[in-house]
Every structure is written in C-alpha cells, then in structure tokens.
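# Observations on chain architecture
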Amino acid sequence: MFEALKRFLGGAPEHTELDSGSQKALELLDIEAAKAAHLNWKIRLHAYLEGKSNENFAPEVICFDDRCDLGKWIHGEGKQRLGRFPGFTALVSHHKMFHYDASNVVSQFQAGHAAEARKTLEGVFAQHSRSVVESLDTLAHLSRPRRR
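Residues numbered from 1 in each chain as written. Predicted model: local features only at pLDDT ≥ 70, side-chain atom pairs only at ≥ 80, totals over all residues. Heavy atoms only, no water.

## Some words on the overall build of the protein chain
Counting its regular elements, the protein chain contains 7 helices and 0 strands. What you see in the protein chain, going N to C, is helices and strands ordered as α-α-α-α-α-α-α. The buried share among the 148 residues of the protein chain stands at 41%. Intrachain contacts of the protein chain at a sequence separation of at least 6 include 74% that bridge at least 24 residues. When the accessible surface of the protein chain is summed, it comes to about 8,400 Å², and 51% of that surface belongs to carbon and sulfur atoms. (Helix = DSSP H or I, 4+ residues; strand = E, 2+ residues; numbered from the N terminus. Buried < 20%, exposed > 50% of the residue type's maximum accessible area, 1.4 Å probe, protein only. Contact = heavy atoms within 4.5 Å. Areas by Shrake-Rupley, 256 points an atom, 1.4 Å probe, with all protein chains shown as cover.)

## Topic: the confidence of the model for the protein chain
On average, the protein chain scores 88 in pLDDT, and the residues at 70 or more come to 87%. Helix α1 (residues 2-9) is the least confidently modelled element of the protein chain, averaging 66 in pLDDT, while helix α4 (residues 59-62) averages 97, the highest of any element. (pLDDT = per-residue confidence, 0-100.)

## Some words on helix α3 (residues 31-49)
For α3, which comprises 19 residues, the first-to-last C-alpha distance of 28 Å matches the rise-based estimate of 27 Å (1.5 Å per residue) to within 8%. Listing the buried residues of α3 in full gives Ile-31, Ala-34, Lys-35, His-38, Trp-41, Leu-45, Tyr-48 and Leu-49. Buried positions along α3 lie against α4, α5 (69-82), α6 (86-110) and α7 (114-143). Once α3 ends, the next one or two residues include Gly-51, with phi positive near 75 degrees. (Expected span 1.5 Å × (residues − 1).)

## Things to note about the side chain of Thr-120
Inspection of the secondary structure puts Thr-120 in helix α7. With residues near it in sequence (within four places) discarded, Thr-120 still touches Asp-101, Asn-104, Val-105, Gln-108, Phe-125 and Ala-126.

## Digging into the pattern of salt bridges
Throughout the structure, instances matching the rule amount to 7 salt bridges. Glu-55 is the salt-bridge partner of Arg-44, the closest N and O atoms lying 2.4 Å from each other. Residue Arg-44 is located in helix α3, and its partner Glu-55 is located in the loop between α3 and α4; the two are separated by 11 residues in the primary sequence. Residue classification places Arg-44 among the partly exposed positions, given a relative accessible area of 24%. Three or more residues joined by partner-sharing salt bridges are found here, namely Glu-32, Lys-35 and Asp-137. (Salt bridge = Lys/Arg side-chain N within 4 Å of Asp/Glu carboxyl O.)

## Considerations on the packing of aromatic side chains
Within this structure, the stated rule accounts for 5 aromatic pairs. Each ring, one from Trp-73 and one from Phe-88, has its centre 6.0 Å from the other, and the planes form 70 degrees; the classification is edge-to-face. Here Trp-73, found in helix α5, pairs with Phe-88, found in helix α6; they are 15 residues apart in sequence, far enough to count as distant. Phe-88 shares its class with Trp-73; the two are buried. Feature note: the residues Trp-41, Tyr-48, Phe-57 and Phe-109 constitute an aromatic cluster, connected by ring pairs. Lying across the ring of Trp-41, Arg-44 places its NZ or CZ 4.2 Å from the centre. Against the face of Phe-64 rests Arg-67, its NZ or CZ located 4.0 Å from the ring centre. (Phe/Tyr/Trp six-rings, centres within 6.5 Å; stacked < 30°, edge-to-face > 60°. Lys NZ or Arg CZ within 6 Å of the ring centre and 35° of its normal.)

This is how it looks when you write it as structure tokens:
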C-alpha cells in the first residue's frame, strides 16, 4: 500500500499523510458508498444486456462524469483540495472513462451490437471500474487516522 500512496501523492514524501484541508475534503466523500455505486454499475449493465432490467439507460446522460455523487465530489471539493496530486488526476481520468465506457455499452446495445457491448463491458469498462475502485481504496487509506 505504501507504493500506492507514493504514486497517489506523487513521489516519496517524508510521510503519507494529507494536510487538514485535504483530510476535510475526504470527510465529505463516503468512499465505501462510492465504491459500491460504481461496482453496482457492472451488475446493472449486465442485467440490461440480458434483458432483465427495467432501467431506462440514456447514453447521453450516462456519459457525464459529474452527475453521480463521486463525480460531484471530484469536480467540487475533491478537485479544490486534492487536485494537485497525480493520483487524484488519475482518479478523474479513470472516472471520466468509466462513464464514457458505460455510455458506450448502452449505445452499442441500443444500436443492435450486443456482442460488442458485452466486449466493452468486460474489457475497458471493467478496467476503468477497477482503476476507480483502486483509487478509492487509496483515498480510504489516506483518510484513516494515523497512529503515532
């Protein structure tokens, strides 16, 4: 985990703690809820592709990365307080691609390309989903109080 923290913070800091402003930003994010919500997308999209969903997915809405709770935090308090860290920039990128890929899965399926939609879901979507969750795990580690 130390290597992940170094990558997130952008080098080899003397310690792996955030300043109080950054800690406050993390307090505004329910990391476990954000992880659960993003992991749930794969389940929801699978159900949609299998015809077992009543959800009305709109690719032109799903593609926006600033409308879910995590996205609102990323583009607000998170960016303001953590935007200087390379790991935060990576989270922003992975989250944006997560939404783009989810939108593509739905678009492909609605265009009659079910096999391509499944490939996207299991490929790039799953990859970006894992990256978002890994970044959230790093944030969770950074948000834990340190023992002295």
